[in-house]
Amino acid sequence: MQFIDYVKIYVKAGDGGRGCISFRREKYVPKGGPDGGDGGKGGDVIIQASSELHTLLDHRYQKVYKARRGQHGKGSNMKGKDGENLIIKVPVGTVVKDADTEEVLADLDEEGKYFIVAKGGRGGFGNAHFATPTNQAPRYAQPGEKGQERWVILELKLLADVGLIGLPNAGKSTLISVISSAKPKIADYPFTTLIPVLGVVKYENYQSFVVADIPGLIEGAHKGAGLGHQFLRHVERTSLLLHLVDVSDFSESDPREDFEKIHKELELYNPALIKKPFAVAGTKTDIAYKGDRLRKLKKYCEEKGIDFFPISAVKKEGIDKLLHYLSEKVGKKCELL
């Protein structure tokens, strides 16, 4: 199944039915007396969050959604039937935006939460509605109002407690495969992870928490460079970020610069991201034979007051200490909520 987290759709609410012009036959009543019924209301277009969906794939192929119109009024004061509402199901965590202004209309972050994105038009009044002592036989009725229509953007932001970020090949996929039942694709080349991967972690007696493996980011990601830029939105939902930095001897870059590059990309994309609680994990310590890069990163984090964890996901070294830390942090966040 493809992971689609951004689509643009057109929604059109139903038009209201028109009122009816009708007269009943009644002795001694001019024109028989007006009995035209009102038109029915047009159906609303509603977007609702559902835990049964995990991607916006369905809306990639169906981009036009129209609710039913209200039926026209009839004689004998019969009101037209209201048009049925149209409910569009989306994954929990979907943000609805106006396509023209990019204004956030709704954040559907809970199961069953909904938003009326386009309201149906009101039905028109029939001529019976306009009868007065001085105008006992009105020969006019109202047309139904037009239903609202608009283009909207659906943007899915995954709901996770911990977000794994870092440069490509930093070891995010390997880590999530070790600490959860998630089975991401793992290889020794950049951009192995092409879509975000969620994994549920259960550690000792702590409550379980969700970890998201975000595709690797590179310098310039906030402008659209690389693959990770389109997934930066998923980082916004997390309550804690774990920044993975490769400290193995096979990496030639300075680990401190690797950290600062991604930290800067987060700030440029959304300054609020760098205010989130975060920690750093020095990965692939099993092949950090010299240890120079590991020592540099550890000293850097100590000087900056950043919590640091040297780990080897392959040999499961340092994993328990890291999971204990993450479990406590997530648990405290939940208590505050």
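Sequence order sets the numbering: in each chain, residues are counted from 1 along the sequence as written. The model is predicted, so local features are restricted to residues of pLDDT at least 70 and side-chain atom pairs to those at 80 or more, both for listing and for counting; the totals for chains, interfaces and linings are taken over all residues. The side-chain values count all of the structure's non-hydrogen atoms but skip hydrogen atoms and water molecules.

Cut-off, in case you're wondering: UniProt positions are given in the numbering used here, feature names are shortened, and annotations may be inferred rather than shown by experiment.
Looking up the protein chain in an unreviewed UniProt entry gives the name GTPase Obg, with the organism given as Thermodesulfovibrio yellowstonii. Recorded in UniProt under Function (unreviewed entry), the annotation for the protein chain is "An essential GTPase which binds GTP, GDP and possibly (p)ppGpp with moderate affinity, with high nucleotide exchange rates and a fairly low GTP hydrolysis rate. Plays a role in control of the cell cycle, stress response, ribosome biogenesis and in those bacteria that undergo differentiation, in morphogenesis control."

**Brief notes about the overall build of the protein chain**
Put simply, the rule reads: Per the convention used, a helix needs a DSSP run of H or I reaching at least four residues, while a strand needs a run of E reaching at least two, with both numbered from the N terminus. Here, residues are in contact when the closest pair of their heavy atoms is within 4.5 Å. Values of accessible area rely on a 1.4 Å probe in the Shrake-Rupley scheme; residue burial ignores everything except the protein chains shown.
On a plain count of helices and strands, the protein chain comes out with 6 helices and 14 strands. For the protein chain, contacts bridging at least 24 residues in sequence account for 73% of all contacts bridging at least 6. Carbon and sulfur atoms make up 50% of the accessible area of the protein chain, which totals about 17600 Å².

**A closer look at the pattern of salt bridges**
Condition: By salt bridge we mean one thing: a side-chain nitrogen of Lys or Arg within 4 Å of a carboxyl oxygen of Asp or Glu. Partly exposed residues are those whose accessible area sits between 20% and 50% of the maximum for their type, while under 20% is buried and over 50% is exposed, using a 1.4 Å probe and protein chains only.
For the structure on display, the rule yields 14 salt bridges. Two residues, lysine 157 and glutamate 236, come together in a salt bridge whose shortest N-O distance is 2.7 Å. In this pair, lysine 157 sits in the loop between β8 (149-156) and β9 (162-165) while glutamate 236 sits in the loop between α3 (232-235) and β12 (240-246), placing the two residues 79 residues apart along the sequence. In this structure, the salt-bridge partner of lysine 284 is aspartate 246, at a minimum N-O distance of 3.6 Å. Here lysine 284, found in the loop between β13 (278-283) and α5 (292-304), pairs with aspartate 246, found in strand β12; they are 38 residues apart in sequence, far enough to count as distant. Among the residues examined, lysine 284 registers a relative accessible area of 24% and is labelled partly exposed. Using a relative accessible area of 13% as the deciding quantity, one classes aspartate 246 as buried.

**Remarks on the sheet that holds β9**
Condition: Criterion used throughout: strands pair if DSSP finds at least two bridges between them. Helix axes use the C-alpha atoms of the stretch in contact, all axes being lines fitted to C-alpha atoms, and the angles between their N-to-C directions lie in the range 0 to 180 degrees.
Sheet architecture is open: 6 strands sit in the order β10-β11-β9-β12-β13-β14, paired in mixed fashion. If you trace the sheet from one side to the other, it starts and ends with β10 (197-201) and β14 (308-310), each paired once. Averaged over neighbouring strand pairs, the angle between their axes works out to 25° when direction is ignored. Here β13 pairs with β14 via 3 bridges, running parallel. Counterpart to alanine 281 in the pairing with β14 is phenylalanine 309. Of the strands in this sheet, β9, β10, β11 (209-213) and β12 touch helix α2 (residues 172-179), which is tilted by about 155° from β11.

**A look at the packing of helix α4 (residues 255-269) against α5**
Selection rule: When an angle is under 35 degrees it counts as roughly parallel; over 145 it counts as roughly antiparallel; between 65 and 115 it counts as roughly perpendicular; any other value is oblique. Note that Gly is not counted as nonpolar here; it falls among the polar residues with everything else outside the nonpolar set of Ala, Val, Leu, Ile, Met, Phe, Trp, Tyr, Cys and Pro and the charged set of Asp, Glu, Lys and Arg.
Between α4 and α5, whose axes approach to 8 Å, the crossing angle comes to 50°. In terms of orientation, α4 and α5 fall into the oblique class. Residue-level inspection shows Pro255, Arg256, Asp258, Phe259 and Glu260 of α4 in contact with α5, the latter providing Arg293, Lys296, Leu297 and Tyr300. Here the residues of the contact of α4 with α5 are counted per class, giving 4 nonpolar, no polar and 5 charged.

**A closer look at the packing of aromatic side chains**
Cut-off, in case you're wondering: Stacked, edge-to-face and tilted are the three classes for Phe, Tyr and Trp ring pairs, Trp counted by its six-membered ring, which pair at centre distances within 6.5 Å; planes under 30 degrees apart are stacked, over 60 edge-to-face, the rest tilted. Put simply, a charge is over a ring when the Lys NZ or the Arg CZ is close to the ring centre, within 6 Å, and near the line of the ring normal, within 35 degrees.
If you walk through the whole model with that rule in mind, you get 7 aromatic pairs. Ring geometry for phenylalanine 259 and tyrosine 300: centres 5.8 Å apart, planes at 65°, overall edge-to-face. With phenylalanine 259 in helix α4 and tyrosine 300 in helix α5, the pair connects residues that are 41 residues apart, well separated along the chain. No difference in accessibility class separates phenylalanine 259 from tyrosine 300, as the two residues are buried. Members of the aromatic cluster, each reached through a chain of ring pairs, are Phe125, Phe130 and Tyr140. One cation-aromatic arrangement involves lysine 8 over tryptophan 151; the distance from NZ or CZ to the ring centre is 5.5 Å. Over the ring of phenylalanine 125 we find arginine 122, and its NZ or CZ is 4.8 Å from the ring centre.

**Description of empty space enclosed by the protein**
Keep this limit in mind: Both cavities and pockets are sets of points on a 1 Å grid over the protein atoms alone; in a cavity a 1.4 Å probe fits but cannot get out, in a pocket the set is open with protein on both sides within 12 Å along at least five of seven lines, and lining residues sit with an atom within 4 Å of a point. Grid points are joined across faces, edges and corners, and a volume is the space filled by probe spheres set on the points.
A complete count under the given rule lists 1 cavity of 30 Å³ or more for this structure. Taken as a whole, the largest cavity holds about 50 Å³ of empty space. If you go around the largest cavity, the residues you meet are Ile165, Leu241, His243, Phe259, His263, Leu266, Leu273, Ile274 and Phe278. Elements with a minimum of two residues in the lining of the largest cavity: β12 and α4. Take the lining of the largest cavity: its biggest share by element is 3 residues, from α4. Residue classes in the lining of the largest cavity are distributed as 7 nonpolar, 2 polar and no charged.

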